[in-house]
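Examination of the molecular architecture
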Amino acid sequence: MRVLVVEDFPPLRHSISRGLREAGFAVDAVADGEEGLQYAMAGDYDVILLDVMLPKRDGFAVLKQLRAEQCASRVLLLTAKDTLQDRVTGLDIGADDYLVKPFAFEELLARVRALVRRRYEQSAPIVRIADLEIDTVGRVVRRGDLTIELTAREYRILEVLAARPGQIVTREEIEDRVYDLASERASNVVDVYIGYLRRKLEQDGGARVIHTRRGLGYILAESEVT
């Protein structure tokens, strides 16, 4: 899943970005409101972490513009001001959540995961497809009694598919969720990793759960959707 961090304090911006990448997210990070707005409008981010006190354009102004432009990303406001009016203002203009500095990274991560689930209308952190179980908090994948070891990239791609079970997800959509702007992308990388995933998920005779819709994309489902 893809996250944009808009925070002007370099140590905090770097630590948040590093922690989110270690947790499996693709992360872009910028330092002011103008650039944050440009990134947010150009990229389809699952979650935007938006500081309120920013140079060039503050977080409230950025958020107002995003909602005026029908941006669907979930927005978590970050602020050093713990006042009722700031919280009310942020939520009234379209924020999905609010976190006061200083905060524990574990809480930030939990809120980001919850916002991702909310975007994809998932009520629980565990996704089940037939005998396949994907724990999006623990990042553990099981098939029946077997725990399946995946690389970070394999897991990211599976998680993107699991966010929309039974729906076609295009290669471009998968790439946008798995890679940040700094990453190099090979033209066939998604197809290659889908092959890796299938071999691991189908070991010991497991039925196919990742199906191809030729020319369209991939579907995570118990049986092929027609």
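Calculation criteria
- Residues numbered from 1 in each chain as written.
- Predicted model: local features only at pLDDT ≥ 70, side-chain atom pairs only at ≥ 80, totals over all residues.
- Heavy atoms only, no water.
- Core = buried A, V, L, I, M, F, W, Y, C linked by side-chain atoms within 4.5 Å.
- Buried < 20%, exposed > 50% of the residue type's maximum accessible area, 1.4 Å probe, protein only.
- Contact = heavy atoms within 4.5 Å.
- Pairing = 2+ DSSP bridges.
- Helix = DSSP H or I, 4+ residues; strand = E, 2+ residues; numbered from the N terminus.
- Axes fitted to C-alpha atoms, helices over the stretch in contact; angles between N-to-C directions.
- pLDDT = per-residue confidence, 0-100.

1. Here we look at the nonpolar core
Counting residues in hydrophobic clusters, the biggest one holds 48 residues, and the most contacted among them are Leu-20, Phe-25, Leu-49, Ile-210 and Leu-220. Apart from residues no more than four positions distant in its own chain, Ile-210 is found in contact with Leu-158, Leu-161, Ile-194, Leu-197, Arg-198, Leu-201, Tyr-218, Ile-219 and Leu-220. Residues Leu-4, Leu-50, Val-52 and Cys-71 belong to the second largest nonpolar core, which totals 20 residues.

2. Quick word on the sheet that holds strand S3 (residues 47–51)
In spatial order, the strands read S2-S1-S3-S4-S5; together these five strands make up an open sheet with parallel pairing. The open sheet is flanked by strand S2 (26–30) and strand S5 (97–100), the only strands paired with a single partner. Each neighbouring strand pair of the sheet contributes to a mean axis angle of 20°, computed without reference to strand direction. Two elements, S3 and strand S4 (residues 74–79), share five bridges in a ladder whose sense is parallel. Pairing of Val-47 across the sheet is with Arg-74, part of S4. Across the sheet, helix H5 (residues 105–119) lies against strand S1 (2–6), S3, S4 and S5, angled at about 155° from S4, the strand it touches most.

3. Remarks on the confidence of the model for the protein
Looking at the protein, pLDDT values average 89 and 96% of them are 70 or higher. Within the protein, the element-level pLDDT minimum falls on helix H4 (residues 84–92), averaging 82, and the maximum on S3, averaging 96.

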